[in-house]
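So the chains spell out like this:
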Amino acid sequence: MPQGSSHRVVLVVDENSNPFEMSCAIEVFGLRRPELGRELYDFTLCAAAPETRMRDGFFTLTGVPGLEAAESADTLIVPNRPDTDTPRSPRVLDAVRRAHARGARLVGFCSGAFTLAEAGLLEGRRAACHWMWTDSFRARFPGVLLEPDVLFVDDGDILTASGSASALDLGLHLVRRDHGAEIANHVSRRLVFAAHRDGGQRQFVERPLPDVRDESLGPLLAWAQERLGETLTVADLADRAAVSPATLHRRFQSQLGTTPLAWLTAERVALACRLIERGEERLDVVAARSGLGTAANLRARVRHETGLSPSAYRRRFGPGAGEAVRV
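Source: prediction; values computed, not measured. (Residues numbered from 1 in each chain as written. Predicted model: local features only at pLDDT ≥ 70, side-chain atom pairs only at ≥ 80, totals over all residues. Heavy atoms only, no water.)

Colleague: Whenever I open this one, the overall build of the chain confuses me. Can you help?
Modeller: On a plain count of helices and strands, the chain comes out with 14 helices and 10 strands. Within the chain, the proportion of its 327 residues that are buried is 50%. A fraction of 63% describes how many contacts in the chain between residues 6 or more apart in sequence connect residues 24 or more apart. As presented, the chain carries roughly 15200 Å² of accessible surface, and 52% of it is formed by carbon and sulfur atoms. (Helix = DSSP H or I, 4+ residues; strand = E, 2+ residues; numbered from the N terminus. Buried < 20%, exposed > 50% of the residue type's maximum accessible area, 1.4 Å probe, protein only. Contact = heavy atoms within 4.5 Å. Areas by Shrake-Rupley, 256 points an atom, 1.4 Å probe, with all protein chains shown as cover.)

Colleague: Before we go on, may I ask you to explain the packing of helix 10 (residues 260-277) against helix 13 (residues 310-317) in this structure?
Modeller: Working note: a packed helix pair is described by the angle between its axes plus the distance between those axes. Packing of helix 10 against helix 13 brings their axes to within 9 Å, and their N-to-C directions diverge by 55°. By the angle between their directions, the pair helix 10 and helix 13 is classed as oblique. Relative to helix 13, the crossing made by helix 10 is right-handed. Residues Cys273, Ile276 and Glu277 of helix 10 touch helix 13, and the partners they reach there are Pro310, Tyr313, Arg314 and Phe317. In terms of residue class, the contact of helix 10 with helix 13 is made up of five nonpolar, no polar and two charged. (Axes fitted to C-alpha atoms, helices over the stretch in contact; angles between N-to-C directions. Parallel < 35°, antiparallel > 145°, perpendicular 65-115°, else oblique. Left-handed = near helix turned anticlockwise from the far one by under 90°. Nonpolar A, V, L, I, M, F, W, Y, C, P; charged D, E, K, R; others polar.)

Colleague: Whenever I open this one, the confidence of the model for the chain confuses me. Can you help?
Modeller: Considering every residue of the chain, the mean pLDDT works out to 84; 88% of them sit at 70 or more. For the stretch residues 198-214, pLDDT sits under 50, and the model shows 27 contacts to residues farther than four places along the chain or on other chains. Segment residues 322-327 is flagged for pLDDT under 50; beyond a separation of four residues in sequence, or across chains, it makes three contacts in the model. (pLDDT = per-residue confidence, 0-100.)

Colleague: Looking at this model, I keep getting lost on unusual backbone geometry. Mind explaining?
Modeller: With the exception of glycine, most residues fall at negative phi, and the peptide bonds are largely trans. One non-glycine residue with positive phi stands out, namely Asn16, at about 70°. The topology assignment puts Asn16 in the loop between strand 1 (8-13) and helix 1 (19-30). Exposure remark for Asn16: the relative accessible area of 14% places this residue in the buried category. Positioned with a positive phi, Ala242 is a non-glycine residue whose angle comes to about 60°. Relative to the helices and strands, Ala242 is located in the loop between helix 8 (234-241) and helix 9 (245-256).

Colleague: Can you walk me through the sheet that holds strand 2 (residues 42-47) in this structure?
Modeller: Within a sheet, each strand pairs with its neighbour through backbone hydrogen bonds, oriented either parallel or antiparallel. Strand order across the open sheet formed by six strands is 2-1-5-6-10-9, with mixed pairing between neighbours. This sheet does not close on itself; its edge strands, each paired only once, are strand 2 and strand 9 (152-154). Each strand of the sheet is rotated relative to its neighbour by a mean of 15°, with strand direction disregarded. As paired elements, strand 5 (residues 75-77) and strand 6 (residues 105-109) share three bridges and run parallel to each other. Note on strand 6: the bridge partner recorded for Leu76 is Leu106. Packed onto the sheet, helix 1 meets strand 1, strand 2, strand 5 and strand 6 and runs at close to 155° relative to strand 2. (Pairing = 2+ DSSP bridges.)

Colleague: It is not clear to me how the pairing of strand 1 should be interpreted in this structure. Could you clarify?
Modeller: Walk down a regular strand and you will see the side chains alternate between the two sheet faces. Counting buried positions over the six residues of strand 1 gives six, a clear majority of the element. The side-chain alternation of strand 1 yields two buried faces, one formed by Arg8, Val10 and Val12 and the other by Val9, Leu11 and Val13. Of the strand pairs in this sheet, strand 1 and strand 2 are connected by six bridges, and their pairing is parallel. From the neighbouring strand, Val12 faces strand 2, where its bridge partner is Cys46.

Colleague: What am I meant to see in empty space enclosed by the protein here?
Modeller: Regions of empty space are outlined by a rolling probe, equal in size to a water molecule, passed over the atoms. Scanning the model with the defined rule gives one cavity of 30 Å³ or more in all. By volume, the largest cavity is sized at about 60 Å³. In terms of lining residues, the largest cavity is bounded by Leu11, Val12, Val13, Ser17, Asn18, Glu21, Met22, Ile77, Val78, Pro79, Asn80 and Phe109. Sorting the residues of the lining of the largest cavity by element identifies strand 1 and helix 1 as the ones contributing at least two each. For the lining of the largest cavity, the element with the most residues is strand 1, which contributes three residues. Classifying every residue of the lining of the largest cavity by side-chain character gives eight nonpolar, three polar and one charged. (1 Å grid on protein atoms, 1.4 Å probe; cavity = no way out; pocket = protein on both sides within 12 Å on 5 of 7 lines; lining within 4 Å. Points joined across faces, edges and corners; volume = space filled by probe spheres on them.)

Colleague: What's the story with the side chain of His130 in this structure? I'm lost.
Modeller: Examined against the element boundaries, His130 turns out to sit in the loop between strand 7 (126-127) and helix 4 (134-140). For His130, a relative accessible area of 16% gives the class buried. Separated by 3.0 Å, the side chain of His130 and the backbone nitrogen of Met132 make a polar contact. (Polar contact = N/O pair within 3.5 Å; in protein donor to acceptor, adjacent residues only side chain to side chain.)

Colleague: How should the environment of Ala48 be read in this particular structure?
Modeller: As for its placement among the helices and strands, Ala48 is situated in the loop between strand 2 and strand 3 (51-53). Linking Ala48 and Val64, residues 16 residues apart in sequence, is a C-alpha distance of 9.7 Å. In contact with Ala48, not counting residues within four places along its chain, are Val13, Leu67, Arg91 and Val92.

Colleague: Can you help me understand the pairing of strand 2 in this one?
Modeller: Counting buried residues along strand 2, five of its six residues qualify, which places the element largely inside the surrounding structure. Where the polypeptide runs from strand 1 across helix 1 and back to strand 2, its parallel neighbour, the crossover connection is right-handed. (Right-handed = clockwise from strand over helix to strand, strands pointing away.)

Colleague: Just to check I follow, could you spell out the pattern of salt bridges for this structure?
Modeller: As enumerated under the stated definition, the model contains 17 salt bridges in all. Residue Arg227 is joined to Glu226 by a salt bridge in which the shortest nitrogen-to-oxygen separation is 3.6 Å. Shared partners join several salt bridges into a network, and the residues in it are Arg125, Arg126, Glu147, Asp155 and Asp157. (Salt bridge = Lys/Arg side-chain N within 4 Å of Asp/Glu carboxyl O.)

Put into structure tokens, the structure is as follows:
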């Protein structure tokens, strides 16, 4: 797990790269966060050329380090750009391959999956890319296990996000994986962005959105988040929203891309993780306060969500975890 600013994140910018995803990476990994009392990452950009023309000539990037900066990356974010049929720079692909060979974590936002596939690193592996390029990606890289509808895919040391906004989802997922739910929630609040959208959620709604009055779920979600430890069911949420369970289900699917039950469970797991991070060691207490009921259910849900048992999660993210790693 990265501690302090010792984990180096490097974003490679290539000709015609998208500025939005670059900004997402800077926002999540590059901003100083003095309120946390420590820096989460050591972040920098790098490029293959002294001057890099960004997408559609919006601006030209200068003054960033060369590709040699990628040689020290613990996490390397590969280039993405809209002209997916144009081959990537051989120097960039070589830098990506070398990073992978020495064990760096690789991240692709949006069309970044094309860069990783061109480098030969996705064969037989799961990946995500923007839905617009599903057919062309599969035609060029049939050996990649493309998941066309999801927001992002975490395949261990290689992670890919489907579209522009899902770069933030994947970025926050990495912060959560590296530093725990409490820190990830803080970063999401700074972004004024959803703290957690599961990677398996669908990328987009395939039908036109109806012209209806605002039926935002915001007030209901805030109400439920204050009562996670209570016996709260989907029927209770529907009663609170004064709609039928079926209508509530449709609203969750259209606005959040998930079901009421899945959202409720994910929120309870996130609360359980925060309680563990704050030092609560009694699993029965964590289960009760988070609404997960039993220690057995807590263990199962935390492992499913984080890949760690509660005890392993405590060792990694609980009080004193950083000091223990540095000793």
